[in-house]
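These are the residues of each chain, in order.
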Amino acid sequence: MKKFKILTYGCQMNVADSERMAAQLKKIGYNSTDDFDDADLILINTCCVRESAEDRVYGKIGELKHLKRKNPKLIIGIAGCMAQKEGENLIRRAPHIDFILGTGRLNQLINIVQSFENDLIANHIVEISNVDDGFSPIADFNNNSVSSFIPIMYGCNNFCTYCIVPHVRGRERSRKPQEIISEVETAVNNGVKEITLLGQNVNSYSYGFADLLKKIDSIKNLCRLRFMTSHPKDLSDDLIKTIRDGKNICEHIHLPVQYGSDKILKKMNRIYTVEKYRQLVKKIRAEIPNVSLTTDLIVGFPGETDEDFNQTLDFIREIKFDAAYTFIYSRRSGTPAAEFEDQVDESLKHERLKKLMDVQNEISLEINEKLNGKIFEILTEGVSKTDENIFTGRTRTNKLILFKHRDEKVGDLINVKIIQPQTWILKGERI
């Protein structure tokens, strides 16, 4: 039996792409393995949003060289955003790579692999054409997964000045509603209880995102419905009310603000202002009082001053996000911001990141402490990675809860009382 190993870097969209590539490989007789030494095919699905992600990929590619030397028939492929961005440069840097598969060419995976298996290809294959060959096939849902990511659209039209995504994933293309609904039904019929709909900006889904949520929310046996990511400029009143009125739509909105200064937001090409974002949050909380709001924040963007940074600190103290994913600005070639002259010193970036995280951690802990003693329904996810006696699960508001394992099974819906709130997790006991 042939075996494959897929190593995934980056966002949830890359995870979804990896699941779909795995499904293709299983169709031609491959089984998954966790052992690189045991694999006949190794596929690295890459990210290039930040320089650190690219560095990790290059490090892993280098590690694979000795496996290729030991087994010349081993097939090594690089897929994803970094493959699209770098193309043949990857092979020039690492000739032991057999093929490059761009973000719009995932449907070519089977043909490429079989060409190598049948010795039809003597050289490398680079598939990074701008011609999108259609949406990738659905994932394999026969793997006892409780949760699954389902893309509803690909690409992005926003062109934030710091972001490489539109350049490596192309312009927005939305899947047809019935195709998505059919895939969700297939997943649920195979035991999936939680679906997360994916898009770089789900709010600009061509066929109406609120309408799609309503249709999926009515699917029988679906327990939870999530989505990400929302762009603030496109989040509609209809969507807010749809979340409010939904049966299975979770009360969690990831709403990246990126910064708390109008000057920097304009340089980022984020379209909205701090005040527009503030009013949007007020509207969301008025309609969905128990909503959990999370966000993304970037520090060290070109031109950032102490005043800009302090405005951002004040802004997050005001908004009080449940959690924030904080990043140091990473200069990406091919983006406008990479050419800005007023780049921020690296040591100052790290200093500001620490301050930002300290403030946000205080806010997260303050919010979580208010949950002490409260009871939540959670969807169990499995055994903790650090303690086999501890089980984990999530609330509808996406809070991670740890509790002592009894007879729970993965995918159970149970009630848990919070007994020890912490900054990033909540500890509880089953009721």
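For the structure itself, consult the block above.
I will try to describe carefully the structure that is included in this document. (Residues numbered from 1 in each chain as written. Predicted model: local features only at pLDDT ≥ 70, side-chain atom pairs only at ≥ 80, totals over all residues. Heavy atoms only, no water.)

**Considering the overall build of the protein**
Each helix and strand in the protein was counted, giving 14 helices and 19 strands. The C-alpha radius of gyration of the protein comes to 22 Å, within 12% of the 22 Å expected for a compact globule of 431 residues. With 431 residues in all, the protein has 55% of them scored as buried. Considering only contacts in the protein between residues 6 or more positions apart, those separated by 24 or more positions represent 73%. For the protein, the accessible surface area stands at approximately 19,400 Å², while carbon and sulfur atoms represent 47% of it. Distance from the positive charge centre (62 side chains) to the negative charge centre (61 side chains) of the protein: 2 Å. (Helix = DSSP H or I, 4+ residues; strand = E, 2+ residues; numbered from the N terminus. Rg over C-alpha atoms; globule rule 2.2 N^0.38 Å. Buried < 20%, exposed > 50% of the residue type's maximum accessible area, 1.4 Å probe, protein only. Contact = heavy atoms within 4.5 Å. Areas by Shrake-Rupley, 256 points an atom, 1.4 Å probe, with all protein chains shown as cover. Lys, Arg positive; Asp, Glu negative; His and termini not counted. Charge placed at Lys NZ, Arg CZ, Asp CG, Glu CD.)

**As for the state of the cysteines**
Tallied over the entire structure, the rule returns 0 disulfides. With no disulfide of its own, C11 lies closest to C81 among cysteine sulfurs, the gap being 6.4 Å. Residue C11 is classed as partly exposed on the basis of its relative accessible area of 34%. No disulfide involves C156; its sulfur sits 6.3 Å from the nearest other cysteine sulfur, which is in C163. (Disulfide = S-S within 2.5 Å.)

**A closer look at the sheet that holds strand 17 (residues 400-404)**
Read around the closed barrel, 5 strands run 15-16-17-19-18, paired in mixed fashion. The average undirected angle you get between the axes of adjacent strands in this sheet is 55°. As judged from the 5 bridges shared by strand 18 (residues 413-421) and strand 19 (residues 426-430), these two strands associate in the antiparallel manner. For P421, the partnering residue across the bridge sits in strand 19 and is L426. (Pairing = 2+ DSSP bridges. Axes fitted to C-alpha atoms, helices over the stretch in contact; angles between N-to-C directions.)

**Let's talk about the pairing of strand 11 (residues 224-228)**
With 5 of 5 residues buried, strand 11 is to be regarded as a mostly interior element. Of the two faces of strand 11, the one lined by R224, R226 and M228 and the one lined by L225 and F227 are each fully buried. Judged from the 5 bridges that link them, strand 10 (residues 194-198) and strand 11 form a sheet pairing that is parallel. Note that in strand 11 the partner of T196 across the bridge is R226.

**Focus on the pattern of salt bridges**
If you walk through the whole model with that rule in mind, you get 37 salt bridges. Residue D308 pairs with K263 through a salt bridge whose shortest N-O separation is 2.7 Å. Placement of the pair is D308 in helix 13 (residues 306-319) and K263 in helix 11 (residues 262-268), with a sequence separation of 45 residues. In this structure K263 comes out as partly exposed when scored by relative accessible area, which is 40%. Put simply, K267 and D342 hold a salt bridge, and the shortest N to O gap is 3.0 Å. A residue pair is termed long-range when its members are at least 10 positions apart, and K267 in helix 11 and D342 in the loop between strand 14 (323-328) and helix 14 (346-369) qualify at 75 residues. Residue classification places K267 among the partly exposed residues on the basis of a relative accessible area of 23%. What emerges from the salt-bridge pattern is a single network uniting R20, R175, E179 and E183. (Salt bridge = Lys/Arg side-chain N within 4 Å of Asp/Glu carboxyl O.)

**Considerations on the side chain of E408**
Take E408: it is sitting in the loop between strand 17 and strand 18. The class for E408 is buried, based on a relative accessible area of 5%. A polar atom in the side chain of E408 sits 2.8 Å from the side chain of H405. Among the polar contacts made by the side chain of E408, one reaches the side chain of R430 at a distance of 3.1 Å. (Polar contact = N/O pair within 3.5 Å; in protein donor to acceptor, adjacent residues only side chain to side chain.)

**Considerations on the packing of aromatic side chains**
With the rule as written, the count across this model stands at 10 aromatic pairs. Considering the side-chain rings of Y277 and F315, the 5.8 Å spacing of their centres and the 65° angle between planes classify their relative orientation as edge-to-face. Of this pair, Y277 sits in helix 12 (residues 274-287) while F315 sits in helix 13, and the two are 38 residues apart along the sequence. The pair formed by Y277 and F315 is uniform in burial state, with each residue classed as buried. Three or more aromatic residues joined by ring pairs form one cluster here, namely Y162, F301, Y329 and F340. A cation over an aromatic ring shows up here: K60 above the ring of F36, its NZ or CZ 4.9 Å from the ring centre. Taking NZ or CZ as reference, R93 lies 3.6 Å from the ring centre of Y58, over its face. (Phe/Tyr/Trp six-rings, centres within 6.5 Å; stacked < 30°, edge-to-face > 60°. Lys NZ or Arg CZ within 6 Å of the ring centre and 35° of its normal.)

**Here's the deal with the side chain of R105**
Tracing the backbone shows R105 in the loop between strand 5 (99-101) and helix 6 (109-117). On the basis of relative accessibility, which here comes to 12%, the residue R105 falls in the buried class. Separated by 3.0 Å, the side chains of R105 and E127 make a polar contact.

**Observations regarding helix 2 (residues 51-63)**
End to end, helix 2 covers 19 Å across 13 residues, agreeing with the expected 18 Å (1.5 Å per residue, within 8%). Residues A53, E54, V57, Y58, K60 and I61 constitute the buried set of helix 2. All buried residues of helix 2 fall inside an arc of 165° around its axis, so they share one side. The inward-facing, buried residues of helix 2 contact strand 1 (2-8), strand 3 (41-46), helix 3 (65-70), strand 4 (75-80), helix 4 (81-86) and helix 5 (88-93). (Expected span 1.5 Å × (residues − 1). Arc of directions from axis to C-beta.)

**Some remarks on the environment of F209**
Among the structural elements, F209 can be located in helix 9 (residues 209-217). When residues no more than four places from it in sequence are discounted, the contact partners of F209 are I152, L197, V202, N203, F227 and L239.

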